Amino acid sequence: MKISNLFLSYKFDSAEEQFINNIFFFLAKQPHITPHIFPHAGKAGELPKQIKELINSSDVFIFFWGNEIGATQGKELNYALKLKKTITPVLFPEKTEYKENVKLEDLRKLNFNSITVPESNDDNSPLSVAKGIVDLMDDVKWVYIDGLPIGYPFKYEKDRSEERRVGKECRSRWSPYH
């Protein structure tokens, strides 16, 4: 199965930053996904070369649309639009409108699926958003964090069963009552 590269774009030092880092953590645990995140304070001028390289190598551009949209985040989005990347917006309930640094007319032309962060925003919300991102991808299925399919015995259960089987064989062979 192909590895899918994701670029997560968000406003650095925003209220949603920890939430987005939790989503990154869950996506990084997926065996067929390599998420990329580039925390930056955003400086005036050209988009840094490192960010361009990460966006170039990404299959999907995840755009976190929160309370604030930074200047660099807008540049990242415009660059992804120019490259015709698959864009998945993640909308926070209290989102704002795009600022002038994002070409709104380009976004209106696009037909993309988006994910909305649950308003409760509890501990399970980053996991549900990460699953939502994976669900929108065609060739990737969510793998639970332990890496095992549902119903599969855990390693310690298999080891314990092996110990019991071997123990019974040894006892039956060397038992003085046998």
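Keep in mind that this is a model prediction, so the values were computed, not measured.

Trainee: Tell me about the sheet that holds strand 4 (residues 86-91), and name the residues and values.
Mentor: What the five strands build is an open sheet, ordered 2-1-3-4-5; its pairing is parallel. Of all strands in the sheet, those bounded by a partner on one side alone are strand 2 (33-37) and strand 5 (115-116). Relative to strand 5, strand 4 runs parallel, the two sharing two bridges. Bridge assignment links leucine 91 to a residue of strand 5, and that residue is threonine 116.

Trainee: Please give an account of the pattern of salt bridges that cites residues and values.
Mentor: Going through the model one piece at a time under the given rule, you end up with two salt bridges. A salt bridge links glutamate 46 to lysine 52, with the shortest nitrogen-to-oxygen separation between them at 2.5 Å. Overall, lysine 52 belongs to the partly exposed group, its relative accessible area being 22%. One salt bridge in this structure joins lysine 49 and glutamate 53, with 3.9 Å as the shortest N-O distance. Highlighted residues: lysine 49 and glutamate 53, both in helix 2 (residues 49-57), separated by four residues, approximately one helical turn. With relative accessibility at 44%, the residue glutamate 53 sits in the partly exposed group.

Trainee: Describe unusual backbone geometry, with residues and values.
Mentor: Look at lysine 84: it is not a glycine, yet its phi comes out positive at around 60°. Note on placement: lysine 84 falls in the loop between helix 3 (71-82) and strand 4. With a relative accessible area of 72%, lysine 84 lands in the exposed category.

Trainee: Explain helix 5 (residues 125-135) to me, and be specific about the residues and the numbers.
Mentor: By the burial criterion, the buried members of helix 5 are Ser125, Pro126, Val129, Ala130, Gly132, Ile133 and Val134. Along its buried surface, helix 5 packs onto strand 1 (4-9), helix 1 (17-28), strand 2, strand 3 (60-65), strand 4 and strand 5.

Trainee: Just give me the short version of the confidence of the model for the chain, but keep the residues and values in it.
Mentor: Predicted confidence across the chain gives a mean pLDDT of 75, with 63% of residues reaching 70 or more. Mean pLDDT per element in the chain: helix 4 (residues 104-109) is the minimum at 51, and strand 1 is the maximum at 93.

Trainee: Account for helix 1, naming residues and giving values.
Mentor: In a regular helix each residue adds 1.5 Å, so twelve residues correspond to 16 Å; helix 1 covers 16 Å between its end C-alpha atoms and thus fits that length. Within the sequence span of helix 1, burial applies to Glu17, Phe19, Ile20, Ile23, Phe26 and Leu27. Elements that come into contact with the buried residues of helix 1 comprise strand 1, strand 2, strand 3 and helix 5.

Trainee: Kindly report on the nonpolar core, identifying the contributing residues and their values.
Mentor: Counting 24 residues, the largest nonpolar core has Leu27, Phe64 and Ile133 as the members making the most contacts within it. When residues of this core are traced back to their parent elements, those giving at least two are strand 1, helix 1, strand 2, strand 3 and helix 5. A per-element tally of this core places helix 1 first, with five residues. Beyond its immediate stretch of four places on either side in the chain, leucine 27 contacts Leu6, Leu8, Ile33, Pro35, Ala130, Ile133 and Val134. Grouped together as the second largest cluster of nonpolar side chains are 16 residues, Ile51, Trp65, Leu77 and Ala80 included.

Trainee: Break down the packing of aromatic side chains for me, citing the residues and quoting the values.
Mentor: Overall, the coordinates contain three aromatic pairs when judged by the stated rule. Ring centres of phenylalanine 7 and phenylalanine 61 lie 5.6 Å apart, and the angle between their planes is 15°; this geometry places the pair in the stacked category. Of the two residues, phenylalanine 7 is situated in strand 1 and phenylalanine 61 in strand 3; the sequence distance between them amounts to 54 residues. Pair check on accessibility: phenylalanine 7 and phenylalanine 61 agree, each one buried.

The rules behind the values
- Residues numbered from 1 in each chain as written.
- Predicted model: local features only at pLDDT ≥ 70, side-chain atom pairs only at ≥ 80, totals over all residues.
- Heavy atoms only, no water.
- Pairing = 2+ DSSP bridges.
- Helix = DSSP H or I, 4+ residues; strand = E, 2+ residues; numbered from the N terminus.
- Salt bridge = Lys/Arg side-chain N within 4 Å of Asp/Glu carboxyl O.
- Buried < 20%, exposed > 50% of the residue type's maximum accessible area, 1.4 Å probe, protein only.
- Contact = heavy atoms within 4.5 Å.
- pLDDT = per-residue confidence, 0-100.
- Expected span 1.5 Å × (residues − 1).
- Core = buried A, V, L, I, M, F, W, Y, C linked by side-chain atoms within 4.5 Å.
- Phe/Tyr/Trp six-rings, centres within 6.5 Å; stacked < 30°, edge-to-face > 60°.

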